[in-house]
Amino acid sequence: MNDDPPNSAPPRTWLDRISQLVSGEPRNIDELLVELRHAQANGLLSNDTLSMVEGAIEVADQQVSDVMVPRAQMVALPVDASFDEILRRVIESGHSRFPVHGEDADEIVGILLAKDLLKSFTGGQVPQDIRAFLRPAVMIPESKRLDILLKEFRLSRNHMAIVMDEYGGVAGLITIEDVLEEIVGEIDDEHDEEDPARNKLIQAQPDGRFLVNALTPIADFNERLGSRFSDDEFDTIGGMVTSEFGHLPESGEEVALGGFHFHVTRADARRVLQFAVRSVDA
C-alpha cells in the first residue's frame, strides 16, 4: 500500500529551481546576470559561485591584452647566459616557466621549464647549453579572446604563451593562471610577495571602527569582535553580509546586522572586498 499523498512530487534540485527562476528566457547577458543575482539572493547560489559564473561570462568579452604580463615585467632569460646566472634568476623569481630569447629580446627561441632544468642534475653533470632544454614557444596576438585561449591551453597542455604586438614584437606573456584568475579571483602561491595589510584581515581604526576583509572567516570575526554570527550557512563575512543586502552591493552601501553596522568600503563588479564595521551601540 502506498502511503504517499496522491499529488506528492520528488523534491526539486537546485538546478530545477534555477531553471524555474530563469524561465523568462533572458534575452542578453545583462538579463542573465540579473537572474543569477536574484538566484544568489534567494539562496540558490553561493556568493563565490556567482562570482565565478560572472567571471566566466566576462572572460568571453576580454582579450589577451587585458590581462597579460607586459613586456617590462617579464622575467626572460638570454639563451647565452651562464648556467650560474640562469639558476640564480630562476631561484630569485620563483617562476616555473621562462621565455628564452636570443640577442634581440624580440627573438624568443623557446620556453625553459624549471623542472627540466632540475632534471639535469640527476645525471651529475651541469648543463653547458640551455638550448637542449627548451620547449617550443606559442605565439599569440594581443587581440585573442581569453575564452578561446583557455580552450587552447587545455587542448595543447601549454601553460604559457608569448603575446605579439601588431609589428611582430613581443608585447608580453600570458599564462593559464592569468586566465583562471579572471574567473576565480587572485591565486597566490608561496612565492607571491606578502602584503601585510592584506593578510591582516581585521584592522582596528583610531575612530573605533574595524576594516574587515570580506574573506574573513565568520569564526575569526566572532572571536575578534565578540559577535555570535552563525557559520552554518556562510563561511565568510562577505558572503553573509552580501546575502543580507539581497544583491551585490556597491561601495558606500550600508546595512545593520546582528548588532553591527557594515559599510562597504571596497567592491568591484564581482564581489565585495572590504567593510568598515562598528557596533550599532558605538
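Just above, that's the structure.
Everything in this summary refers to the structure shown in the same document. Treat the numbers as computed from the prediction; the structure is a model and nothing was measured.

### Focus on the packing of helix H2 (residues 29-41) against helix H3 (residues 47-59)
(1) Moving on: With their axes 10 Å apart at the nearest point, H2 and H3 run at an angle of 170 degrees to one another. One element, H2, and the other, H3, form an angle in the roughly antiparallel class. Contacts between H2 and H3 pair Ile29, Leu32, Leu33, Leu36, Arg37 and Gln40 from the former with Asn47, Leu50, Val53, Glu54 and Ile57 from the latter.
(2) Moving on: Here the contact of H2 with H3 is built from residues that sort into seven nonpolar, two polar and two charged.

### Re helix H5 (residues 83-93)
(1) Moving on: Buried within H5 we find Phe83, Ile86, Val90 and Ser93. In a view along the axis of H5, the buried residues occupy a sector of 110 degrees, so they form one face of it. What points out from H5, more than 90 degrees from its buried face, is the exposed set Asp84, Ile91 and Glu92.
(2) Moving on: Buried-residue contacts for H5 involve strand E2 (77-78), strand E3 (97-101), strand E4 (108-113) and helix H6 (114-119).

### Some details on the sheet that holds strand E9 (residues 210-213)
(1) Moving on: The five strands are arranged E8-E9-E12-E11-E10 in an open sheet whose pairing can be described as antiparallel. One side of each edge strand has no neighbouring strand; the edge strands of this open sheet are strand E8 (202-204) and strand E10 (254-257). Averaged over all neighbouring strand pairs, the angle between strand axes comes to 25 degrees, with direction disregarded.
(2) Moving on: Seen against the sheet, helix H10 (residues 218-225) touches E8, E9, strand E11 (260-267) and strand E12 (272-279) and runs at an angle of roughly 20 degrees to E8.

### Describing the pairing of strand E7 (residues 170-175)
(1) Moving on: Most of E7 sits out of view: six of its six residues are buried.
(2) Moving on: By the bridge criterion, two bridges tie strand E1 (residues 69-70) to E7 in an arrangement that is antiparallel. Bridge pairing in E7 places Pro70 opposite Gly172.
(3) Moving on: Pairing analysis gives five bridges linking strand E6 (residues 160-164) to E7, with the strands arranged antiparallel. Residue pairing across strands places Met160 opposite Thr175, the latter belonging to E7.
(4) Moving on: Counting the residues between successive antiparallel strands, the hairpin from E6 to E7 contains five residues, one of them, Gly168, with a positive phi of roughly 90 degrees.

### Digging into the nonpolar core
(1) Moving on: Core analysis: the biggest nonpolar cluster contains 20 residues, and Ile237, Val241, Phe262 and Phe275 have the highest contact counts within it.
(2) Moving on: Contributions of two or more residues to this core are made by H10, helix H11 (237-245), E10, E11 and E12.
(3) Moving on: For this core, the element with the most residues is H11, which contributes four residues.
(4) Moving on: Beyond its immediate chain neighbours, meaning those up to four positions away, Ile237 contacts Val212, Ala214, Thr216, Ile218, Phe221, Phe262 and Phe275.
(5) Moving on: Judged by nonpolar contacts, the second largest core, of 16 residues, contains Ile140, Phe153, Ile174 and Val179.

### Some points on the packing of aromatic side chains
Two numbers describe a pair of aromatic rings. These are the distance of the centres and the angle of the planes.
(1) Moving on: The final tally for this structure, using the stated rule, is six aromatic pairs.
(2) Moving on: Judged by centre distance (6.1 Å) and plane angle (50 degrees), the rings of Phe229 and Phe260 are tilted. Of the two residues, Phe229 is situated in the loop between H10 and H11 and Phe260 in strand E11; the sequence distance between them amounts to 31 residues. Of the two residues examined, Phe229 and Phe260, each falls in the buried class.
(3) Moving on: For the pair Phe229 and Phe262, a centre-to-centre distance of 6.3 Å together with 55 degrees between the ring planes defines the contact as tilted.

### A few points about the sheet that holds E1
(1) Moving on: Reading across the sheet, the four strands line up as E1-E7-E6-E5 and stay open at both edges, with mixed pairing between neighbours. Bordering the open sheet on either side are E1 and strand E5 (139-141), each of which pairs with just one other strand.
(2) Moving on: Across the sheet, helix H7 (residues 146-156) lies against E5, E6 and E7, angled at about 65 degrees from E7, the strand it touches most.
(3) Moving on: The strands that helix H8 (residues 176-184) touches are E1 and E7; relative to E7, the one it contacts most, it runs at about 65 degrees.

What counts and what doesn't
The numbering scheme is per chain: residues are counted from 1 as the chain's sequence reads. In view of the model being predicted, local features appear only for residues whose pLDDT reaches at least 70, and side-chain atom pairs are presented and counted only at 80 or more, with totals across whole chains, interfaces and linings using the full set of residues. Side-chain numbers come from the whole structure's heavy atoms, not from hydrogens or water. Between N-to-C directions, angles cover 0 to 180 degrees, with each direction set by a line fitted to C-alpha atoms, over the stretch in contact for helices. Working definition: helices are DSSP H or I runs of at least four residues, strands are E runs of at least two. Numbering for both runs from the N terminus. Note that the term roughly parallel is reserved for angles under 35 degrees, roughly antiparallel for angles over 145, roughly perpendicular for angles of 65 to 115, and oblique for everything else. Contacts are residue-level and defined by heavy atoms, with any inter-residue pair within 4.5 Å sufficient. Gly counts as polar in this scheme, as do all residues outside two lists: the nonpolar Ala, Val, Leu, Ile, Met, Phe, Trp, Tyr, Cys and Pro, and the charged Asp, Glu, Lys and Arg. Categorising residues by exposure relies on relative accessible area from a 1.4 Å probe, with only protein chains included: less than 20% of the type maximum marks a residue as buried, more than 50% marks it as exposed, and the intermediate range marks it as partly exposed. Working definition: the arc comes from the directions between the helix axis and the C-beta atoms, pointing outward to the latter. Two strands pair under a simple rule: DSSP has to find at least two bridges between them. Residue types Ala, Val, Leu, Ile, Met, Phe, Trp, Tyr and Cys, when buried and joined through side-chain atoms within 4.5 Å, form a set referred to as a nonpolar core. A pair of aromatic rings is counted whenever rings of Phe, Tyr or Trp (Trp by its six-membered ring) have centres within 6.5 Å, and the orientation is called stacked for planes under 30 degrees apart, edge-to-face for over 60 and tilted otherwise.

So, to be careful, I would describe these as geometric facts and stop short of saying anything about function.
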